[in-house]
Amino acid sequence: MVTDMKDAVHAADAATVMSLLPARPRVVALGEPTHGEDILLDVRNELFRQLVEREGYRTIGIESDCLMGLVVDDYVTSGTGTLDEVMERGFSHGWGAFAGNRELVRWMREHNDGRPPSERVRFAGLDGPLEISHGASPRQALTALHGHLAARLDADLLPCDAETLDRLLGADERWANPATMMDPSQSVGRSAEAGELRLLADDMVALLDAETPRLVTTSSREERERARLYGRAGVGLLRYHHWMADTSPGRMPRLLGLRSSMIAANLLAVAERGPVLAHAHNVHLQRGKSTMRMGDTPFEWWSSGAIVSAHLGEEYAFLATALGTIRHRGVDAPPPDTAEGLLYALPEDRFLLDPRRLAAALGDTPPAPRVSPWFGYIPMDPAYLTGADGIVFVKDLPPN
């Protein structure tokens, strides 16, 4: 079986990716099965450079706070701030501490230096302003959206003034409360103020759309794109906080689905301005449903990739990344009867494979699911093998 696979192994580069696809996609989505490993970030960075230099891609979007990502985009496009400041303030989830992300930002700034705007590469955060335990205050998003509208429209068109918005928002700490994930009663998401803010946010987003003819003449495309981003983030956060306060059995799948929808909406918005490489966990970018278990309770929800793929069809391409070992995390060589085990038996250390060839090599015998001894690594789901357009395999991950 391994012999049958050898001629299906290719370099993990942009040219090979494009050769596997029926047409040039608007979104190339590169998944990863674990976070924070430098080799996986190196693979991403090299693929992005090749997509930029050979295929005309201009944007990379990663699994990080969409509002914080504006700090990175300002730096890479215009040099605002310093690299150290950007790595500290421009990433959520602690991603700014990783060398691969620092190298990405450094290269993007260097690439853009002296180039006209149409040739500059752009950075986007795709995630909502969320952490595992809580959501951020909607203050930044709602005040920025209100400011955009107030600067361009008559005051009587706005649903409220800035002082009312500030009063309803209150202290940011009451929103960004880590206790809310395990204790819904700690959430302010269903308070009277939050309910009023949801209505005001909805009205501001509706006004942004209704006044498009005027706003086109009084703001740049960049300003309008950011205003829409503030609207998505504000409305999404308020909806997320609302369900953080829920006590029903549907609370967790609802929260997971809301995050998934926020990532999908941000990715679709970024893709409107041109082709993009998206980088996030396989679970977010795969075409099927995502699943997880908390204790004895299983949850499932539509992944961001499934949502985007439903909108874009063949203009969405998904590359799943699979791994052999992460020995420093206790993940040793995969069993030979798993999909990863078959790939691990091949001599190459890093390659790209057409998943249809892997499925053909497996024949009628489905591979056994690999079980990870470490919670931070999610093996490939055999059921989704044919849902990927390509599989990037990295044999061994050394410690960073």
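Residues numbered from 1 in each chain as written. Predicted model: local features only at pLDDT ≥ 70, side-chain atom pairs only at ≥ 80, totals over all residues. Heavy atoms only, no water.

Taking an unreviewed UniProt entry as the reference, the protein is identified by name as Erythromycin esterase-like protein belonging to Streptosporangium sandarakinum.

Draft legend 1. Focus on the packing of aromatic side chains. Tallied over the full model, the rule gives 5 aromatic pairs. For the ring pair Phe 91 and Phe 123, a centre distance of 5.6 Å and an interplane angle of 70 degrees mean the geometry is edge-to-face. Residue Phe 91 is found in the loop between helix 5 (83-89) and helix 6 (99-112), and its partner Phe 123 is found in strand 4 (residues 122-127); the two are separated by 32 residues along the sequence. An identical accessibility class is assigned to Phe 91 and Phe 123; each is buried. The ring of Tyr 344 has Lys 395 lying over it, and the distance from NZ or CZ to the ring centre is 5.2 Å. (Phe/Tyr/Trp six-rings, centres within 6.5 Å; stacked < 30°, edge-to-face > 60°. Helix = DSSP H or I, 4+ residues; strand = E, 2+ residues; numbered from the N terminus. Buried < 20%, exposed > 50% of the residue type's maximum accessible area, 1.4 Å probe, protein only. Lys NZ or Arg CZ within 6 Å of the ring centre and 35° of its normal.)

Draft legend 2. Spatial organisation of the environment of Leu 145. By secondary structure assignment, the location of Leu 145 is in helix 7 (residues 139-150). Residues Leu 145 and Gly 231 lie 86 residues apart in sequence; the distance between their C-alpha atoms is 6.3 Å. Among all residues touching Leu 145, those that are not within four sequence positions of it are Met 204, Val 205, Leu 208, Ala 227, Tyr 230 and Gly 231. (Contact = heavy atoms within 4.5 Å.)

Draft legend 3. Seen up close, the pairing of strand 3 (residues 59-65). Of all 7 residues that make up strand 3, 7 are buried, and the element is covered over most of its length. Alignment of strand 3 against strand 4, held across 5 bridges, turns out to be parallel. By the bridge assignment, Gly 61 is partnered in strand 4 with Ala 124. (Pairing = 2+ DSSP bridges.)

Draft legend 4. Structural context of the pattern of salt bridges. Applying the stated criterion across every chain yields a total of 25 salt bridges. A salt bridge links Asp 246 to Arg 190, with the nearest nitrogen and oxygen atoms 3.5 Å apart. Note that Asp 246 is positioned in the loop between helix 11 (221-244) and helix 12 (251-271) and Arg 190 in the loop between helix 8 (162-169) and helix 9 (192-210), a separation of 56 residues in sequence. With a relative accessible area of 41%, Arg 190 lands in the partly exposed category. Salt bridges sharing partners connect three or more residues here, namely Asp 73, Asp 74, Arg 122, Glu 222 and Arg 226. (Salt bridge = Lys/Arg side-chain N within 4 Å of Asp/Glu carboxyl O.)

Draft legend 5. Main features of the side chain of Asn 282. Here Asn 282 shows up in helix 13 (residues 282-285). Of the residues examined, Asn 282 reaches a relative accessible area of 10% and is grouped as buried. In contact with Asn 282, not counting residues within four places along its chain, are Gly 31, Glu 32, Pro 33, Phe 318, Leu 319, Ala 320 and Thr 321.

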